[in-house]
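The primary structure of each chain is shown beneath.
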Amino acid sequence: MTETLSTLLLHGGDGPRTVGTPVSPAPVLSTTYYAHPDAVGFSAEDLKADTPHFYTRWSNPTLELLEKRLALLEGGEAAVSFASGMAAVTGLFALKLQSGDHLVLSDVCYAGVAEYAGQALRRQGVAVSFVDSADPAAVAAAMRPDTRLVHVETPANPILKLTDIAAIAAIAHAGGAELSVDSTIATPVGANPIALGADYVCHSLTKYLCGHGDALGGAVIGRAAAMAELRKQSLIHLGAVLSPFSAYLILRGMETLELRMARHEANARAIAEWLEGHAKVRRVNWPGLASHPQADLARRQMRNFSGLISFSVHGDSAAMARRLADRLGLVSTAVSLGKTKSLCFYIPTDDILRSSFPAADAAQYRDWAGDGVFRVSVGIEDAAAIIADFDQALG
Ligand code: PLP
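Residues numbered from 1 in each chain as written. Predicted model: local features only at pLDDT ≥ 70, side-chain atom pairs only at ≥ 80, totals over all residues. Heavy atoms only, no water.

### What about the sheet that holds strand E7 (residues 218-222)?
Pairing between the strands of a sheet is mediated by backbone hydrogen bonds and can be parallel or antiparallel. Spelled out, the test is: By this definition, two strands are paired if DSSP reports at least two bridges between them. Numbered from the N terminus, helices here are DSSP runs of H or I no shorter than four residues, and strands are runs of E no shorter than two. A fitted line through C-alpha atoms represents every axis, and for helices the fit uses only the stretch in contact; the resulting angles, taken between N-to-C directions, go from 0 to 180 degrees.
Pairing in this open sheet of seven strands is mixed, and the strands run E1-E7-E6-E5-E4-E2-E3 from one edge to the other. With partners counted over all chains shown, the strands left at the sheet margins are strand E1 (78-82) and strand E3 (127-131), one partner each. Within this sheet the neighbouring strands show an average axis-to-axis angle of 20°, counted without direction. The pairing of strand E4 (residues 147-153) with strand E5 (residues 178-182) spans five bridges and is classified as parallel. From the neighbouring strand, valine 152 faces E5, where its bridge partner is valine 181.

Below you can see the structure in the form of C-alpha cells.
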C-alpha cells in the first residue's frame, strides 16, 4: 500500500484482510472482553503493549483503530483518544505539569484551554506564562529553568494567528522543554506539527476530523512511552475515554477529510475574498489571504488553509451580531467549527479579553479582532449560496 495521506485516511491501521471480515468495521460497543488471568492484570501498572483488550477504559478495538490511524496521519509513534478535545489537552497538561512546573501558552487559543490554564493549573501550583507565540523572541524570553511545556495553537481560534512551529520547537527544546501543538484547525491535511519538531499534537476530533457535528472527541499523538503514560493516567485512572460509537462516527467522517478540506478551503477563499471587498467589513482573518500578516509562514507551514475565517465590521459590531443572527438563513448562528454546514458566531472582544485572554496584548488583539469577530466556519455548501446569504444579511 502506498501510504499517502489519502490512503491512510481510509486504510491506516487496518487489521488483517481475511475472507469474511467486514470492509467497513462495525463499532465494538462491548465494554468487557473474554479474558484470562495469565493474559491480563487488574491494575493500570500491569498494562503492557501486548495486553489484549479486556475493558474499554483501558482499550477497545474501535478506539485502537482510530488511534493507529491518527498516529500514522500525524507521523507519531502512538495516539490516545479522548472523550473531547478539552479532555485531550487537559490530559496532556496533567501528564506533563506538576506543582512547581512552568507552562508557556499562546496568549490566544481556544478559550476553554486559556481559562483552564489561567485558573485551574495556577490553583494546582503550575506557573503559567501567556505569550504571543507568533513572536519567537517573546517565547524565548518567557522560557525559565522550570519550563516543562510550551503549548501553542496554530491557527489560533478565533483570530487565526499563526505560530512558527519549527522556530518554537527549537526554542522549547533548547530550554529543556517540550512543545505541544493544537492542530485542530489545520487538521493532518493542512499541517504535520511532529515533522516540524513538535513533541505532541492535540486535536479536537469534534471539528474537521469528524466533520459532521455529531460526535465529540479528542486525541493526543506523540512518542509511544509518553502515550502509554497518558493512557494510564487520563483514561484508566481519570476515565476520560472516548465512546467507541463516537470513534466509529469520527472514523467514518475521516474517510472524506481530504475531500472536505479541499472544499472548505476553496469556499473559505471565495468568502474571505468577497468579504474583503465589502464596504461594511473592517478586516478579514484567514491564513490563505495575501493580506494575512503571516501569509509567508502560512504558505511554508500549511498545505491547506482550512475553512475557518473571522472578520470584523466597521461601526456597531454588537448591532451587526444581532442583525446577522436574525437574518442569516443558510448559515447557522452557532458555535463550534469544522462541520459540513456553515456556522457563524460573534465573539465580542471585551468579553473574551476579560474572561479568556486576560494576559493577551489587548491592543494587538483589538487590531486583529476590532470590537468583536464574526467567526465563520465555512461549510461545504455552494460558495455562491453562502456569499448570497451573507450579502443579504450584512446589507
Ligand atoms: N482546541 C480547539 C482549537 C478548539 O477550537 C476546541 C473547541 O472549540 C477545542 C480544542 C476543544 O474541543 P472539544 O470541544 O472537542 O472539547
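### Topic: the environment of leucine 259
The condition is simple: Buried means the residue's accessible area, taken with a 1.4 Å probe over protein chains only, is under 20% of the maximum for its type, while exposed means over 50%, and partly exposed covers the values in between.
Mapped onto the elements, leucine 259 comes out in helix H10 (residues 257-276). The exposure class assigned to leucine 259 is exposed, which follows from its relative accessible area of 65%. Sequence separation between leucine 259 and serine 6 is 253 residues, and the spatial gap between their C-alpha atoms is 9.0 Å.

### Digging into helix H14 (residues 362-369)
As a reminder, the rule being used: For this quantity, the arc is that covered by the directions from the helix axis to the C-beta atoms. Residue contacts are defined here by distance: any two heavy atoms, one from each residue, within 4.5 Å place the two residues in contact. Polar contacts, as counted here, are pairs of nitrogen or oxygen atoms within 3.5 Å of one another; within protein the pair requires one atom able to donate a hydrogen and one able to accept it, and residues that are adjacent in sequence qualify only if both atoms are side-chain atoms.
Burial in H14 covers these residues: Tyr365, Trp368 and Ala369. Considered in projection along H14, the buried side chains sweep an arc of 85° and stay on one side of the axis. Where H14 is buried, its residues touch strand E8 (281-285), strand E9 (308-313), helix H13 (349-355) and strand E12 (372-377). Sitting at the head of H14, aspartate 361 places a side-chain oxygen 3.1 Å from the backbone nitrogen of alanine 363. In the segment just after H14, glycine 370 is the residue with positive phi, at about 60°.

### Regarding the site of the ligand
To keep it simple, the criterion reads: Nearness here has a simple test: a residue counts as near a molecule or strand if at least one of its heavy atoms is within 4 Å of that partner. Accessible areas in this description were obtained via Shrake-Rupley with a 1.4 Å probe; residue shielding takes into account the shown protein chains only. Under the scheme applied, nonpolar residues are Ala, Val, Leu, Ile, Met, Phe, Trp, Tyr, Cys and Pro; charged residues are Asp, Glu, Lys and Arg; polar residues are all the others, including Gly.
Close to the ligand lie 13 residues; Gly85, Met86, Asp182, Ser204 and Thr206 are nearest. Between methionine 86 and the ligand, the recorded distance is 2.8 Å, taken from a backbone N or O atom to an oxygen atom. A total of 390 Å² of accessible area belongs to the ligand in isolation, and the protein chains cover 93% of it. Here the shell around the ligand is built from residues that sort into three nonpolar, seven polar and three charged.

### Looking at the packing of helix H12 (residues 317-327) against helix H15 (residues 383-394)
Basically, it comes down to this: Here the angle decides the label: under 35 degrees means roughly parallel, over 145 means roughly antiparallel, 65 to 115 means roughly perpendicular, and every other value means oblique. Should the near helix be turned anticlockwise from the far one by less than a right angle, the crossing is termed left-handed; should it be turned clockwise, right-handed.
Packing of H12 against H15 brings their axes to within 9 Å, and their N-to-C directions diverge by 125°. Classified by the angle their axes make, H12 and H15 are oblique. In terms of crossing hand, the pair formed by H12 and H15 is right-handed. Residue-level contacts link Met320, Arg323, Leu324 and Arg327 of H12 to Asp389, Phe390, Gln392, Ala393 and Leu394 of H15. The class makeup of the residues in the contact of H12 with H15 is five nonpolar, one polar and three charged.

### Side note on the side chain of histidine 151
Among the structural elements, histidine 151 can be located in strand E4. A residue is classified by how much of its surface remains accessible, and histidine 151, at 0% relative accessible area, is buried. When near neighbours in sequence (up to four residues on either side) are disregarded, histidine 151 contacts Val89, Phe93, Leu103, Val104, Leu105, Ser106, Val113, Ser180, Asp182 and Cys202.

### Some thoughts on the sheet that holds E9
Spatial strand order, E8-E9-E12-E11-E10: five strands in an open sheet with mixed pairing. A single partner strand is all that each edge strand has here, and the edge strands are E8 and strand E10 (332-333). Where strand E11 (residues 343-348) lies against E12, six bridges are found, and the strand directions are antiparallel. Bridging from a neighbouring strand, cysteine 344 pairs with valine 376 of E12. Packing of H12 onto the sheet brings it into contact with E9, E10, E11 and E12, and relative to E12 it is tilted by some 30°. Of the strands in this sheet, E8, E9 and E12 are in contact with H14, which crosses E8 at around 100°.

### Concerning unusual backbone geometry
Residue proline 155 is reached from threonine 154 by a cis peptide bond, and omega for that bond is -10°. Within the fold, proline 155 resides in the loop between E4 and helix H6 (165-174). In this chain, asparagine 157 is followed by proline 158 through a cis amide linkage whose omega measures 10°. Backbone geometry at leucine 160 places phi at a positive 65°, although glycine is not the residue there. With respect to the helices and strands, leucine 160 occurs in the loop between E4 and H6. In the Ramachandran plot, threonine 187 falls in the positive-phi region, its phi being about 65° despite a non-glycine side chain.

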